[in-house]
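Next come the chains, spelled out residue by residue.
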Amino acid sequence: MANTQFVVNALRFDAYKGFMFRLLINGNVVAGVSKVSPLIRKTDFVKHREGGDQSSSRLTPGISNFEPLTIERGVTHDKDFEEWAKLVWNLEGQTAMSLANFRKNLTLVLLNDQGSVAKAYNLYRCWVSEYQALGELDSNTASVVIEKITIQYEGFERDEDIVEPKEY
């Protein structure tokens, strides 16, 4: 049940930091995630005119779409991203090898400076549309090798059960 109380923290005027977050896949924390693209929903509009009004047209909401989500993390021996991506493609050319498992639910959690959960968003029916096994390799840098997946999903919503944490 969603929390319908609205309480304003009069002491908080600092915005949450963009580097304090966690990503969960089917309820399990994904280790090493360093970057997540923005959550974006776009709604197309339908333009129409009424027969008696020649001066202007009207706009009504059309189909809503969700922009793909890109997730980056440092390369380790963890094969979770690779195994998930294999559920829609493999070397034998079979697609959607596991119709029961290729879609997963994600939760993106925003933390405050104390590490407490401040907000969370649930993403539904996610699947991997792009998998990058290795990022750019350059012997002239001291950077981390990045693994990246692009996720398609069918909707997101804010978890209303998460209330603003008490700050000390």
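One structure accompanies this document, and this report is about it. (Residues numbered from 1 in each chain as written. Predicted model: local features only at pLDDT ≥ 70, side-chain atom pairs only at ≥ 80, totals over all residues. Heavy atoms only, no water.)

**So, the pairing of strand β8 (residues 117-132)**
Line of reasoning, step 1. Pairing of strand β7 (residues 104-111) with β8 involves seven bridges; the strand directions are antiparallel. Across the sheet, residue L108 finds its bridge partner in β8, namely Y121.
Line of reasoning, step 2. Hairpin connection from β7 to β8: five residues lie between these consecutive antiparallel strands, with G115 at a positive phi of about 85°.
Line of reasoning, step 3. Relative to strand β10 (residues 156-158), β8 runs antiparallel, the two sharing three bridges. (Pairing = 2+ DSSP bridges. Helix = DSSP H or I, 4+ residues; strand = E, 2+ residues; numbered from the N terminus.)

**Some points on the packing of aromatic side chains**
Line of reasoning, step 1. The final tally for this structure, using the stated rule, is five aromatic pairs.
Line of reasoning, step 2. Between the aromatic rings of F66 and Y153, the centroid separation amounts to 5.7 Å while the plane-to-plane angle is 45°, which identifies the pairing as tilted. Note that F66 is positioned in strand β5 (residues 58-66) and Y153 in the loop between β9 (146-152) and β10, a separation of 87 residues in sequence.
Line of reasoning, step 3. Residue classification places Y153 among the buried residues on the basis of a relative accessible area of 7%.
Line of reasoning, step 4. R73 extends its terminal NZ or CZ atom over the ring of F81, reaching a point 3.9 Å from the ring centre. (Phe/Tyr/Trp six-rings, centres within 6.5 Å; stacked < 30°, edge-to-face > 60°. Buried < 20%, exposed > 50% of the residue type's maximum accessible area, 1.4 Å probe, protein only. Lys NZ or Arg CZ within 6 Å of the ring centre and 35° of its normal.)

**Looking at the nonpolar core**
Line of reasoning, step 1. With 21 residues, the main nonpolar core has I71, W84, L106 and I151 as its most contacted residues.
Line of reasoning, step 2. Broken down by secondary-structure element, the contributors of at least two residues to this core are β1 (21-25), β6 (69-74), α1 (80-86), β7, β8 and β9.
Line of reasoning, step 3. Apart from the residues within four sequence positions on either side, W84 is in contact with I25, F102, K104, L106, C126, W127, V128, I149 and I151.
Line of reasoning, step 4. In this structure, M20, V109, L111 and A120 belong to the second largest nonpolar core, which totals five residues. (Core = buried A, V, L, I, M, F, W, Y, C linked by side-chain atoms within 4.5 Å. Contact = heavy atoms within 4.5 Å.)

**Overview of the side chain of E147**
Line of reasoning, step 1. By the secondary structure assignment, E147 is in strand β9.
Line of reasoning, step 2. When its relative accessible area of 5% is taken as the criterion, E147 is described as buried.
Line of reasoning, step 3. Within the local environment of E147, its side chain forms a polar contact with the side chain of Y131, the two groups lying 3.0 Å apart.
Line of reasoning, step 4. The residues contacting E147, other than those within four sequence positions of it, are I71, E72, R73, V75, F81, E82, Y131, Q132 and A133. (Polar contact = N/O pair within 3.5 Å; in protein donor to acceptor, adjacent residues only side chain to side chain.)

**Looking at the environment of E167**
Line of reasoning, step 1. Among the structural elements, E167 can be located in the segment after β10.
Line of reasoning, step 2. Given the relative accessible area of 32%, E167 is considered partly exposed.
Line of reasoning, step 3. Taking the C-alpha atoms as reference points, E167 and Q114, 53 residues apart in sequence, are found 7.8 Å from one another.

**Description of the pattern of salt bridges**
If charged atoms from side chains of opposite charge come close, those side chains can pair.
Line of reasoning, step 1. What the rule picks out here adds up to eight salt bridges.
Line of reasoning, step 2. For K17, the salt bridge goes to D113, with nearest N and O atoms at 3.1 Å. Highlighted residues: K17 in the segment before β1 and D113 in the loop between β7 and β8, separated in sequence by 96 residues.
Line of reasoning, step 3. Residue K17 is classed as partly exposed on the basis of its relative accessible area of 31%.
Line of reasoning, step 4. The closest approach of N and O atoms between R73 and D78, which form a salt bridge, is 3.2 Å. (Salt bridge = Lys/Arg side-chain N within 4 Å of Asp/Glu carboxyl O.)

**Observations concerning the environment of F45**
Line of reasoning, step 1. Positionally, F45 belongs in strand β4 (residues 41-48).
Line of reasoning, step 2. Non-local contacts of F45, meaning those with residues more than four positions away in its chain, are made with L59, T60 and G62.

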